[in-house]
Amino acid sequence: MHARLGWAMALGLAVGAVATAGVATNETVRYDPYFIGYQSEPAMDYGGRTLASLDAAVSRAVWGDGVWRPRIYIALFCENYVGGFLSVVQHETLGHGGRAREFGLDPSYSFGADLSGSTSIGRDPKNNLQNIVLAGAGMEADGVLAQRLLRDLYTGDGADGAVIPMLAFAKLDFTVYCLSTPNPSDKPNDFRDAYRDGNDVAYYMVSRQAQRTGGDPADVWNNRYTINFNDPRLSALYDDLQTAAAWNLADPAFLAAAYGYVVDHAIRREERVRPPVVPLGGDFGLTAGTRAFAGPDTVTRFVDLYLLTPGPLVQVYGRILDSSIDTAMGYGAAVNEIPLGKSVWLSGGVDFWQNPDSLERLENGNGWNAVGEVNTLFAGRVGVSVKVGAKSDGYFPGTPLDSGVYGGAGVLFAF
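Basis of the calculations
Residues numbered from 1 in each chain as written. Predicted model: local features only at pLDDT ≥ 70, side-chain atom pairs only at ≥ 80, totals over all residues. Heavy atoms only, no water. Helix = DSSP H or I, 4+ residues; strand = E, 2+ residues; numbered from the N terminus. Expected span 1.5 Å × (residues − 1). Bend = angle between axes of the 7 residues up to and from the residue. Buried < 20%, exposed > 50% of the residue type's maximum accessible area, 1.4 Å probe, protein only. Polar contact = N/O pair within 3.5 Å; in protein donor to acceptor, adjacent residues only side chain to side chain. Core = buried A, V, L, I, M, F, W, Y, C linked by side-chain atoms within 4.5 Å. Contact = heavy atoms within 4.5 Å. pLDDT = per-residue confidence, 0-100. Phe/Tyr/Trp six-rings, centres within 6.5 Å; stacked < 30°, edge-to-face > 60°. Lys NZ or Arg CZ within 6 Å of the ring centre and 35° of its normal. Axes fitted to C-alpha atoms, helices over the stretch in contact; angles between N-to-C directions. Parallel < 35°, antiparallel > 145°, perpendicular 65-115°, else oblique. Left-handed = near helix turned anticlockwise from the far one by under 90°. Nonpolar A, V, L, I, M, F, W, Y, C, P; charged D, E, K, R; others polar.

Undergrad: How should helix α4 (residues 128–153) be read in this particular structure?
TA: Helical geometry note: an α-helix holds 3.6 residues per turn, so side chains three or four residues apart project in the same direction. In this model α4 runs 38 Å from its N-terminal to its C-terminal C-alpha over 26 residues, within 8% of the 38 Å that 1.5 Å per residue would give. Of all the bends in α4, the largest measures some 50 degrees and sits at Ala137. A large share of α4 lies buried, amounting to 23 of its 26 residues. The backbone nitrogen of Leu129 lies 3.2 Å from a side-chain oxygen of the residue at the head of α4, namely Asn127.

In structure tokens form, the structure reads like this:
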């Protein structure tokens, strides 16, 4: 995490905490706890979790207690603007920046009030694998953030409605980028311009072509690479990305969350939202989700099934990894917030996948990932969060490329 950004987050959380300190009695915590933490690079999950807390803190500070109704339009504007801006921060500093720090490339950032952002690096990528992963990392980080926020909304009694705009911006990042990228077959000049202007998807596609053809990674990064528009794999990859973009958008769990934001939060003015699900009787329910990521030599699509229970949220998923010449499958399961007594909650998940054959020849064989997380909140006020994972070598969204152990830790506090 960028040092100055970390101090800004801490200040924002402190302001939000002071602004909302009077809204709860000693017996009742009205909002989800604030979180600020650190994670080994690329830090997409815990970095995004910290940004989500900053988003909630700022939104609460705007309308506070007792002024929600007369300031509804200001509150909604703030929630959407701040959520959008912080999703851009996630995209740049914890996406492109997170992977750049992982590779030792010395990133720096710039942001605009128009929700624009950019990342620069102090060293050229060493190879086209780094180019590919850097290109997709912004969308990857937003996808990781969206998954964390979506999971929180379906756990327990839901989550703060104020963070749903942040979820929407993060969730739609992949889809908007893919759908707004010119087709290299129909508009080669526009596609070339998009690549030279820093369009992430165009840059990702060009980087994968350069990996296949042995292009110089420095030329790719510095926009000097000559694109081969006669390459049939370039068009095939574009089609894969468009399919994934539509898949990512057609997410029932996300669309239900958007409905909950409009109906429950904006119209009914309820502060907490738990999106509608298919009822199974009692406190049990069922919903489904979709998501997509752009990996080193595959475009990968997930389909998630969520079982809501009176306690933890149970998730199972299937995954398609498409390299344009071959496909393979992946599977996984996770449980979110198993209560261990009154002050400790355990979460964990496992992932397995097979890498398909590809012309990029960057990954092969089988891969796995396992992660566990413990959250504590003592006396309903202060606690810690610790996350530890281990994985095989290769790409899995939000985790280091290399095999080994990764983790993070942070503090939780509520008012």
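That covers the picture; the talk isn't over yet.
Undergrad: So what exactly am I meant to see when it comes to the nonpolar core here?
TA: Soluble globular proteins tend to pack their nonpolar side chains together in the buried interior. One finds Leu86, Leu149, Leu150, Leu153, Tyr154, Met166 and Leu167 to be the most contacted residues of the largest nonpolar core, which totals 34 residues. Elements represented by at least two residues in this core include exactly α2 (44–63), α3 (72–102), α4, α5 (164–179), α10 (252–267) and β8 (299–308). When residues of this core are assigned to their parent elements, the largest contribution, seven residues, is made by α3. Beyond its immediate stretch of four places on either side in the chain, Leu150 contacts Leu167, Asp251, Ala253, Phe254, Ala257 and Tyr306. In this structure, Tyr203, Leu234, Tyr238 and Leu241 belong to the second largest nonpolar core, which totals 27 residues.

Undergrad: How do you make sense of the confidence of the model for the protein when you look at a structure like this?
TA: Detailed reading of the predicted coordinates is not advisable wherever pLDDT falls low. Per-chain confidence: the protein averages 91 in pLDDT, with 90% of residues scoring 70 or above. Counted against residues more than four places away or in other chains, residues 1–29, with its pLDDT under 50, gives 49 contacts.

Undergrad: Is there a simple way to explain the packing of aromatic side chains in this structure?
TA: How two aromatic rings sit relative to each other is given by the distance of their centres and the angle of their planes. Across all of its chains, the model carries 11 aromatic pairs by this definition. Plain terms: the ring middles of Phe35 and Tyr46 are 5.0 Å apart, the flat faces sit at 75 degrees to each other, and that makes the pair edge-to-face. Here Tyr46 lies in helix α2 and Phe35 lies in strand β1 (residues 34–39), a separation of 11 residues in the sequence. Seen from their ring centres, Phe191 and Phe229 are 6.2 Å apart, and the 85 degrees between their planes marks the pair as edge-to-face. With a gap of 38 residues between them, Phe191 in helix α6 (residues 188–196) and Phe229 in the loop between α8 (217–221) and α9 (232–249) connect regions that are remote in the sequence. Here a set of aromatic residues connected by ring pairs shows up, and it is made of Tyr195, Tyr203 and Trp221. Here the guanidinium or amino end of Arg49 rests over the ring plane of Tyr46, the centre of that ring lying 5.3 Å away. Over the ring of Trp247 we find Arg301; its NZ or CZ atom is 5.9 Å from the centre of that ring.

Undergrad: How do you make sense of the packing of α4 against α5 when you look at a structure like this?
TA: Two quantities define a packed helix pair, namely the angle between the helix axes and the distance between the axes. Direction vectors running N to C along α4 and α5 enclose 140 degrees, while the axes themselves pass 8 Å from each other. In terms of their interaxial angle, α4 and α5 are classed as oblique. The two elements α4 and α5 cross, and the hand of that crossing is left-handed. Contact residues: α4 offers Gly138, Met139, Asp142, Gly143, Leu145, Ala146, Leu149, Leu150 and Leu153, while α5 offers Ile164, Met166, Leu167, Ala170, Lys171, Asp173, Phe174 and Tyr177. Broken down by class, the residue content of the contact of α4 with α5 amounts to 12 nonpolar, two polar and three charged.

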